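# Breakdown of the fold
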There are 2 protein chains.
Amino acid sequence: MASIQKVLEAISDPTRRKVLDLLKKKEMSAGELGANFDISGPSMSHHLNKLKAADLVQTTRRGQSIVYSINTSVFEDAAQFVVKFFQDTRATEDAGNDHDGEEQDR
Amino acid sequence: MASIQKVLEAISDPTRRKVLDLLKKKEMSAGELGANFDISGPSMSHHLNKLKAADLVQTTRRGQSIVYSINTSVFEDAAQFVVKFFQDTRATEDAGNDHDGEEQDR
DNA sequence: TAGATATTTAGAAAACTATCTAATTATCTA
DNA sequence: TAGATAATTAGATAGTTTTCTAAATATCTA
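The notes below deal with the structure included here.

Parameters and conventions
Residues numbered from 1 in each chain as written. Chains lettered and ligands numbered in written order. Predicted model: local features only at pLDDT ≥ 70, side-chain atom pairs only at ≥ 80, totals over all residues. Heavy atoms only, no water. Helix = DSSP H or I, 4+ residues; strand = E, 2+ residues; numbered from the N terminus. Expected span 1.5 Å × (residues − 1). Buried < 20%, exposed > 50% of the residue type's maximum accessible area, 1.4 Å probe, protein only. Contact = heavy atoms within 4.5 Å. Near = heavy atom within 4 Å. Polar contact = N/O pair within 3.5 Å; in protein donor to acceptor, adjacent residues only side chain to side chain. Nonpolar A, V, L, I, M, F, W, Y, C, P; charged D, E, K, R; others polar. Axes fitted to C-alpha atoms, helices over the stretch in contact; angles between N-to-C directions. Parallel < 35°, antiparallel > 145°, perpendicular 65-115°, else oblique.

## Things to note about helix 5 (residues 72-87) of chain A
With 16 residues, helix 5 of chain A extends 22 Å from end C-alpha to end C-alpha; this agrees with the ideal 22 Å at 1.5 Å per step. When helix 5 of chain A is considered as a whole, its buried residues turn out to be Val 74, Phe 75, Ala 78, Ala 79, Phe 81, Val 82, Val 83, Phe 85 and Phe 86 of chain A. Lining the buried residues of helix 5 of chain A we find helix 1 (4-11), helix 2 (14-25) and strand 3 (65-70) of chain A together with helix 1 (4-11), helix 2 (14-25) and helix 5 (72-87) of chain B.

## Structural notes on the protein's contact with DNA strand C
The full set close to DNA strand C counts 25 residues, and Gly 31 and Tyr 68 of chain A together with Ser 40, Ser 43 and His 47 of chain B are the nearest of them. Taking His 47 of chain B, its side chain carries an N or O atom lying 2.4 Å from a phosphate oxygen of DNA strand C. Secondary structure elements with two or more residues in the surface near DNA strand C: helix 3 (30-34), helix 4 (41-53) and strand 3 of chain A together with helix 4 (41-53) of chain B. The dominant element in the surface near DNA strand C, judged by the number of residues it contributes, is helix 4 of chain B, at five residues. Across the surface near DNA strand C, the residue classes break down as six nonpolar, 13 polar and six charged.

## Comments concerning the packing of helix 1 of chain B against helix 5 of chain B
Residues and elements named next belong to chain B. Two elements in contact, helix 1 and helix 5, have axes whose closest approach is 11 Å; the angle formed by their N-to-C orientations is 90°. Judged by the angle between their axes, helix 1 and helix 5 are roughly perpendicular. The residues of helix 5 that touch helix 1, namely those facing Ile 4, Val 7 and Leu 8, are Ala 78, Phe 81 and Val 82. Split into classes, the residues belonging to the contact of helix 1 with helix 5 amount to six nonpolar, no polar and no charged.

Set out below in structure tokens:
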């Protein structure tokens, strides 16, 4: 499972949240997604990469297209983490700077 | 209420998540908080500012100290947003780039 | 297989973020 | 009021992120 760090970074960008919103409705190719934004293909590709690195989406090639879809299980894990973080008096994960298993990402 | 954009940016940083974790246990002054990290006072101040800009914490002066505490209501709003975002088939807020009321933050 | 279409990779520029030291502001107390 | 303590603001720098154009890769189809 991707680190919660990557997930939170991924969803802290409005473009990427909108991508996820679109994918929640139905899976789409990179090009179809891009048509919803005012940015170049490579920029879209960069954002899709971050979502993929966070494991929030998965891809499969379909002919010339690469189709993106939501990775439901990671979505649910992330939800659980954030809910805990905001609702508990004491959060589970140590969000600290000292250690992290997945070694300090950025 | 602070924009969800600012909230998500605020919690996408591990230092700031740890600050929030500490404050969940008890309110603390800037200096007490700083003692938990290996960064300078001004850097801590910078992070506290971001948390404050997101309205996740509030401050009150107590003598020479400035005491930080969790802003419970915003915490709960944020939780609700994120839960919706991750659980709904269709998220409520338009996380898009085109408009936003609170005008494009970054 | 040549050309068209879809997407990613490379490399560079601009904007933003985190960090630091030095200086400033606010408050307390002897 | 002078000096000490707590915190923030100013200004600089290093690193990261977002964005772009150009080039490369993969697949389809005539």
